[in-house]
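# Remarks on the overall topology
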Amino acid sequence: AIGLAWTPVGGDVLYIETAYSEGKGNLTLTGNLGDVMKESATIAYEYLKSNAAIFGLNINIFKDKDVYIHVPEGAIPKDGPSAGITMLTALVSLFTGRKMRSQLAMTGEITLRGRVTPVGGLREKTLAAKRVGITDITLSTDNEKDIQDIDEQYREGLIFHYFTSMIEAVKFNLNWPE
């Protein structure tokens, strides 16, 4: 799954990789992640476990699988809550086998109650998305006004998809049938 990040030198793209193997239900995070990003990964995993049935999963699958979330470029420190929706989408994709929409990136903090909440740095994130050929961006409904404040030349060629519900966002990101 592709996430968007703000950095002190502009926007960047984060590639979130997930895998699982036989195990005891452990979650392992790698990629030089800061505390806030680790919290986002844990929230995404626990949310998926507690809402497994919504995604057609049997809760028992989590008991005998060790799950790995990796954000490449380990030499570069990464932190912040913006990758929450990306991590959740990557995990749902892993467990359901559903593929991501092509040319889609996302940004948004998530909550244990199932909300996608707003984030900052959207101008920089938008430019990062355009730089790598992204055409669609998923983000919080509460960020819509912030996107409208970005100069049209930076938004041109991008389609923004706004969500409040994590379930709706993930289902959109994975082309889930209605």
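Model, not experiment: these values are computed from the prediction.

### Quick look at the sheet that holds strand 3 (residues 17-22)
Strand-to-strand pairing in sheets goes through backbone hydrogen bonds, with the strands running parallel or antiparallel. Strand order across the open sheet formed by three strands is 3-5-4, with mixed pairing between neighbours. If you trace the sheet from one side to the other, it starts and ends with strand 3 and strand 4 (27-30), each paired once. The average undirected angle you get between the axes of adjacent strands in this sheet is 20 degrees. As paired elements, strand 4 and strand 5 (residues 65-70) share four bridges and run parallel to each other. Paired with threonine 28 across the two strands is tyrosine 68, which belongs to strand 5. Sheet contacts for helix 1 (residues 35-50): strand 4 and strand 5; angle to strand 4, the most-contacted strand, approximately 145 degrees. Across the face of the sheet, helix 2 (residues 84-96) comes into contact with strand 3 and strand 5 while running at roughly 40 degrees to strand 3.

### A look at the packing of aromatic side chains
The tally for this structure, following the rule as stated, stands at five aromatic pairs. Centroid distance tyrosine 20 to phenylalanine 95: 5.1 Å. Interplanar angle 15 degrees. Geometry classified as stacked. Of the two residues, tyrosine 20 sits in strand 3 while phenylalanine 95 sits in helix 2, which places them 75 residues apart along the sequence. Centre to centre, the rings of phenylalanine 163 and phenylalanine 172 are 5.5 Å apart; their planes meet at 40 degrees, and the pair counts as tilted. Classification of phenylalanine 163 by relative accessible area gives buried; the value is 13%. Here phenylalanine 172 falls in the buried class, since its relative accessible area comes to 17%. An aromatic cluster is built from Tyr20, Tyr45, Phe62 and Phe95, whose rings are joined through pairwise contacts. Over the aromatic face of phenylalanine 172 sits the side chain of arginine 101, whose NZ or CZ is 3.8 Å from the ring centroid. The positively charged end of arginine 123 is found above the aromatic ring belonging to tyrosine 154, 4.5 Å away from the centroid.

Criteria and cut-off values
All residue numbers refer to position in the chain's written sequence, counted from 1. In view of the model being predicted, local features appear only for residues whose pLDDT reaches at least 70, and side-chain atom pairs are presented and counted only at 80 or more, with totals across whole chains, interfaces and linings using the full set of residues. For side-chain calculations, the full set of non-hydrogen atoms in the structure is used, while hydrogens and water are omitted. Following DSSP output, two strands are said to pair if at least two bridges run between them. Strands are runs of DSSP state E lasting at least 2 residues, helices are runs of H or I lasting at least 4, and numbering of each runs from the N terminus. Between N-to-C directions, angles cover 0 to 180 degrees, with each direction set by a line fitted to C-alpha atoms, over the stretch in contact for helices. In what follows, residue pairs with any heavy atoms lying within 4.5 Å of each other are defined as contacts. Centres within 6.5 Å make a pair out of two Phe, Tyr or Trp rings, where for Trp the six-membered ring is used; the pair is then stacked when the planes are under 30 degrees apart, edge-to-face when over 60, and tilted otherwise. Exposure categories follow from relative accessible area, calculated using a 1.4 Å probe and restricted to protein chains: below 20% of the type maximum is buried, above 50% is exposed, and the middle band is partly exposed. Whether a charge lies above a ring is judged from NZ of Lys or CZ of Arg, which has to be within 6 Å of the ring centre and within 35 degrees of the ring normal.

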